[in-house]
Amino acid sequence: MTTSQLYEELNKVDHSKEKRLHYALLILDNPELVPQLLEVLFVVDDKISSKAGWVLEAVCRLNLEPLLPYLSLFTENIHKVHIDSAVRPVAKICELIALSYTGKEPHAVKTSLTATHKERIIETCFDYMINDEKVAAKAYGMTTLFMLGKEYDWVHPELKIILDRDFASQSAAFKARARHILKKLKH
């Protein structure tokens, strides 16, 4: 399947779990399509970019491994994604990567994720925290920063400053996640 054929297929994706799962399974059955999916995701001014993000998130929720050979491409471009409905799945994928990387279970991401990948993810997640992003991106970003901050000693103090500063002015959902993260930062 070419990128343009995949693009046409992505036109059929909607918010329904069934459609996202259908296309995620298509990608999992054909992991060679991941670069084309990323290519569409990183056409950042196109609304179809969001649909590529939804499908990639669904793929990663099921199995992160098809993304791993393309972590450099993914992390080089995530900072460019700016349409809200595309930012959210990218932020969630970063969280899934961080959780798998720092988790107790063995996972291929532990050997695939380089220092450069982690630094790009951290930078993008800090951007989510300080920019005017929706609460979901901020919530996924703070979890990602907390998890990767276990390895980078400067991350937790910076994250705490942002959470303390923004706490009063943010939504209930932000406050709930921030309370949880701040509690973990104290231990």
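Just above sits the structure.
Computed from a prediction, not measured in an experiment: that's the story for all the values here.

Considering helix α4 (residues 48-62)
Part 1 of the argument: Along its 15 residues, α4 runs 22 Å from first to last C-alpha, staying within 8% of the 21 Å computed at 1.5 Å per residue.
Part 2 of the argument: For α4, the tally of buried residues reaches 13 of 15 residues, placing the bulk of the element in the interior.

Quick look at the packing of aromatic side chains
Part 1 of the argument: By the definition in use, this model includes two aromatic pairs.
Part 2 of the argument: Where phenylalanine 42 meets phenylalanine 74, the ring centres are 6.5 Å apart and the plane angle is 50°; that geometry is what we call tilted. With phenylalanine 42 in the loop between α3 (34-41) and α4 and phenylalanine 74 in helix α5 (residues 71-77), this residue pair connects regions lying 32 residues apart in the sequence.
Part 3 of the argument: By relative accessible area, phenylalanine 42 is classed as buried at 15%.

Section: the nonpolar core
Part 1 of the argument: Counting 65 residues, the largest nonpolar core has Leu10, Leu56, Leu67, Phe74, Ile97, Leu159 and Leu163 as the members making the most contacts within it.
Part 2 of the argument: No other element matches the ten residues that helix α6 (residues 84-102) contributes to this core.
Part 3 of the argument: With residues up to four places along the chain from it excluded, the contact list for phenylalanine 74 reads Leu38, Phe42, Leu56, Leu67, Val90, Ile93, Cys94 and Ile97.

Comments concerning a nonpolar patch on the surface
Part 1 of the argument: On the surface, Leu21, Leu25 and Leu62 cluster together to form a nonpolar patch covering roughly 250 Å² of accessible area.
Part 2 of the argument: Tracing the sequence through the fold places leucine 21 in helix α2 (residues 17-29).

Looking at the pattern of salt bridges
Part 1 of the argument: Within the structure shown, the criterion is met by ten salt bridges.
Part 2 of the argument: Salt-bridge contacts for lysine 134 lead to aspartate 84; the nearest nitrogen and oxygen are separated by 3.9 Å. With lysine 134 in the loop between α8 (115-130) and α9 (135-148) and aspartate 84 in helix α6, this residue pair connects regions lying 50 residues apart in the sequence.
Part 3 of the argument: Residue classification places aspartate 84 among the partly exposed positions, given a relative accessible area of 35%.

Calculation rules
- Residues numbered from 1 in each chain as written.
- Predicted model: local features only at pLDDT ≥ 70, side-chain atom pairs only at ≥ 80, totals over all residues.
- Heavy atoms only, no water.
- Helix = DSSP H or I, 4+ residues; strand = E, 2+ residues; numbered from the N terminus.
- Expected span 1.5 Å × (residues − 1).
- Buried < 20%, exposed > 50% of the residue type's maximum accessible area, 1.4 Å probe, protein only.
- Phe/Tyr/Trp six-rings, centres within 6.5 Å; stacked < 30°, edge-to-face > 60°.
- Core = buried A, V, L, I, M, F, W, Y, C linked by side-chain atoms within 4.5 Å.
- Contact = heavy atoms within 4.5 Å.
- Patch = residues over 30% accessible without salt bridge, like charges linked within 9 Å, V, L, I, M, F, W, Y side chains within 5 Å.
- Areas by Shrake-Rupley, 256 points an atom, 1.4 Å probe, with all protein chains shown as cover.
- Salt bridge = Lys/Arg side-chain N within 4 Å of Asp/Glu carboxyl O.

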